[in-house]
Each structure stands twice: as structure tokens, then as C-alpha cells.
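Breakdown of the fold
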Amino acid sequence: MDFLYEKLLRPLLFKCNPEAIHDQTISALRLLEAIPFATRLLERINLRPPGSKPVRLFGLDFPNRVGLAAGYDKHAQAWPAMAALGFGHAEIGTITLHGQDGNPRPRVFRHPPAEAIVNRYGFPNPGADVVARRLAQAPGKGVRSIPLGINIGKSKVTPLENAAKDYTGSFRLLADYADFVVVNISSPNTQNLRDLQGRALLDNLLGSLRDTARDHAAKPGAKPVPILLKIAPDLTFPQLDDVLESVCAHGLDGIIATNTTISRPPGLEHLESPGGLSGRPLLEKSLSFVRYIARSTQGRLPIIGSGGICDVEAAARFMDEGASLVQLYTGMIYRGPWFPAKVARALAWHHRDFP
Ligand SMILES: Cc1cc2nc3c(=O)[nH]c(=O)nc-3n(C[C@H](O)[C@H](O)[C@H](O)COP(=O)(O)O)c2cc1C
């Protein structure tokens, strides 16, 4: 299967514009979703590695350890089909309170020799209210095949000093549909967004979100929604210490390490800028963040590892460094649609997820 994709299909796909191909794969996945027999069969084959038990984290059951990273399903259109590919959870978004078009095209670039991608999308999405209405029509919490994470970010039109209001507005609209919420303060493509990783702004943001989440959980029939923070790999370790203190002080449920990097490793200095680099060149940096977080929190803060998983060994290294789950995006573009299921099976063995 890998051979078929890498030698036959991928060269054809890579001749076309990356964003156009992305949109077509979303359409193909929606088509798949419209054939329940096929999705159910594929889920049976791909979702639960034979004999393994689900992974319990933040009060949720994950059928396996690999999830779809944010940025693939920005419009909340194709996530239910991700279970058929073998993803044990899917994170949609980034969603902002106000709908927006994102940056001008072209805004996504492939770099096959490095198995990398640079993107500067800038959060194109229809806005939290439209996504909430879309999710109201989809399978709800508790009846989905996989947990759904909703990644929220700051709208471009909202000034940084009003960021907390913007995030809490999205949280209020989306919390009823999210199995967990991810707070994105780490994308490089929204001006000043990553300043929110500074201590004062972060404390204010996380405090506001925690209060909003508490109010939401107090509503009749509502359950607490776990909140995770997604961080950039361009922080220094002292800056990361500050972030971790704030995350723990506000009782967040976990951390996603990491988003894309604005740095360009040796040999890749020529890649497009501005933009966030993902894929293989990000791996060592993301791993070093997971290692650092696991050590400094003594394993008490759940970590989802993300960045540069382009083979099963990379995924296993994230687990060895202390991650509980992993996410991938770029690896699927280079390895093909069977890659998530392959990683899920490998991690179940690696982690002995058996009764
Ligand atoms: C084209 C593209 C768009 C992305 N968009 C988002 C986004 O909207 N929000 C976000 O939190 N991360 C976004 N990411 C980052 C991924 O979720 C992931 O954290 C990062 O790419 C590292 O994983 P990977 O090397 O497996 O791709 C995007 C990544 C790519 C490649």
C-alpha cells in the first residue's frame, strides 16, 4: 500500500496545487462518509488495533493513540471520516469567533526532499457560530466513533488585548460539541498571536477560559470539557517554564507539543518565509519539548506529541519521551491515507495496550 501511494499516486498528486488537492481530499472523505457501509467496514479494520484496549485520558476513551492534528479539517466538514482512516481522535480548526478568509494564496508549499511543508494559511474558517451549527447536525458527544477536539484561535480582527473575550466567545459557542478544546496560541501566521504565550497575557487568557468552562459545566446536562494548550516549538525553555506554571496554576488538562516552527534548520534556510514549517525537520525539536515537559512536570501533565511523525519509529519516540497520545498531519501527505492506521497498530504494540 505504501509503495502504491509513494510510487504511483503521490507523484501525480504532487504535480497539482497543494491547496486544490487538499480541498479535493476533503470532498473525497465527505463522499466516503456518505457511504456508511464503507466507513463502518474501514473503521472495523483500522480503528482498534486487534486485541488492544482503549486509552483513557482526560475522562475520554481514545480507540488508539494517534490523532489527526489541527489544520486539516479547518471547516469541520470531514472529521467523521477520520475514524475510517484509523485516527483515534480528530482535532478540527483552528476556528475563530469571527469567520475569516485567511492569508492570500499561495499559502501552502511542499518540500518533498525534506518531507516538509510550509504553510501560512492564517486560520481561514467560517467562524465559530457556523461551525457550531454544522456540528449540531453531526454525530454528538458519546455517539461518535472517535473523540472530537476543537481547536480555537484568535480572530484576525480582534486586538490582542481583547483576545480572552474572543477565545471565550468561541468556547461558549462550541463547548457543547467538543470532547476537548485546544487553545491555540502558537500558530505563526496570525500577527502577534504567539505573544499570548507571555506570562501576563497567558494567565489572563487561561483564567478567563477556566471561568467560562466552569460556567458551562454548571449548565443542566453539561459535562466538563477538558482544555489543552497548544504551544510553539520556538519558545526558549525558560519561556516554556512560565507557560507550564500557568497551565498547572489554571488546572488545564494537558498540552499539545508542538505546533509548526518559524525556524529553518540548517540546509532549509531557503524555504518560504513567513510560514510555519512542519514534517520531518520538526521532529527533533518537538521531541525535545515533550521530553522537557514530561521531566519538569514529572509526568503529571498529559502530553499529546505532534511534529514530524513521518514513520512509526518517530511516533514511538514521542511515547518514549512521555507523550500519552500523538497527532500527525504532514506525515499523511508523504506516506498516504493508510499511514494513521499503521502508526496506531505500531503504537498499540509499542505501548502494550492489551488487556
Ligand atoms: C497545512 C497545515 C495547516 C495547519 N494549520 C493549523 C491550524 O490551523 N491550527 C493549528 O493549531 N495547527 C495547525 N497546523 C499544525 C499541525 O496541527 C501540527 O501541529 C504540525 O503541523 C506538526 O505536525 P506534523 O509535522 O505532523 O504536520 C497546520 C499544519 C499544516 C501542515
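**Some remarks on helix H9 (residues 283-296)**
Given 3.6 residues per helical turn, the α-helix brings residues three or four places apart onto the same face. Taking 1.5 Å as the rise per residue, H9 with 14 residues should run 20 Å; its terminal C-alpha atoms sit 20 Å apart, in good agreement. For H9, the full list of buried residues reads Leu-283, Ser-286, Leu-287, Phe-289, Val-290, Ile-293 and Ala-294. Seen along its axis, H9 keeps its buried residues to an arc of 155°; they face one direction. On the buried face of H9, the contacting elements are helix H8 (237-249), strand S10 (254-257), strand S12 (303-306) and helix H10 (312-321). One or two steps after H9, the chain reaches Gln-298, where phi turns positive at roughly 50°.

**Looking at the site of the ligand**
Close contacts around the ligand come from 28 residues, with Ala-69, Gly-71, Ser-278, Tyr-329 and Thr-330 the closest. If you list the elements that add at least two residues to the shell around the ligand, you get strand S4 (89-95), strand S6 (116-119), strand S11 (276-279) and helix H11 (330-335). Counted by class, the shell around the ligand contains ten nonpolar, 16 polar and two charged residues.

**Examining the sheet that holds strand S13 (residues 325-328)**
Strand order in the closed barrel formed by eight strands is S3-S4-S7-S8-S9-S10-S12-S13, and the pairing between neighbours is parallel. If you compare each strand with its neighbour and ignore which way they point, the axes differ by 25° on average. Alignment of strand S9 (residues 227-231) against S10, held across four bridges, turns out to be parallel. Within S10, the residue paired with Leu-228 across the bridge is Gly-254.

**Considering the packing of helix H6 (residues 163-174) against helix H7 (residues 199-217)**
The geometry of H6 relative to H7 is characterised by a closest axis approach of 9 Å and an angle of 25° between their N-to-C directions. Taken together, the axis directions place H6 and H7 in an arrangement best described as roughly parallel. Here H6 runs over H7; the crossing is right-handed. In this structure, H6 uses Ala-163, Ala-164, Tyr-167, Thr-168, Phe-171 and Arg-172 to contact H7, whose residues at the interface are Asn-204, Leu-205, Ser-208, Leu-209, Thr-212, Ala-213 and His-216. A per-class count over the contact of H6 with H7 returns seven nonpolar, five polar and one charged.

**Some thoughts on the pairing of strand S7 (residues 148-152)**
Strand residues, when the strand is regular, have side chains that alternate between the two faces of the sheet. Across the five residues of S7, five count as buried, placing the element largely inside the fold. Because side chains alternate across S7, one face comprises the buried residues Leu-148, Ile-150 and Ile-152, and the other comprises Gly-149 and Asn-151, equally buried. Sheet topology places S4 next to S7; four bridges connect them, and they run parallel. Looking at S7, one finds that Ile-92 is bridged to Ile-150. Where S7 lies against strand S8 (residues 180-184), four bridges are found, and the strand directions are parallel. Bridged to Ile-152 within S8 is Val-183. For the crossover that starts at S7, traverses H6 and ends in the parallel S8, the hand is right-handed.

What counts and how
- Residues numbered from 1 in each chain as written.
- Predicted model: local features only at pLDDT ≥ 70, side-chain atom pairs only at ≥ 80, totals over all residues.
- Helix = DSSP H or I, 4+ residues; strand = E, 2+ residues; numbered from the N terminus.
- Expected span 1.5 Å × (residues − 1).
- Buried ≥ 20, exposed ≤ 12 C-beta atoms within 10 Å, placed from the backbone.
- Arc of directions from axis to C-beta.
- Contact = placed C-beta atoms within 7 Å.
- Near = placed C-beta within 6 Å.
- Nonpolar A, V, L, I, M, F, W, Y, C, P; charged D, E, K, R; others polar.
- Pairing = 2+ DSSP bridges.
- Axes fitted to C-alpha atoms, helices over the stretch in contact; angles between N-to-C directions.
- Parallel < 35°, antiparallel > 145°, perpendicular 65-115°, else oblique.
- Left-handed = near helix turned anticlockwise from the far one by under 90°.
- Right-handed = clockwise from strand over helix to strand, strands pointing away.

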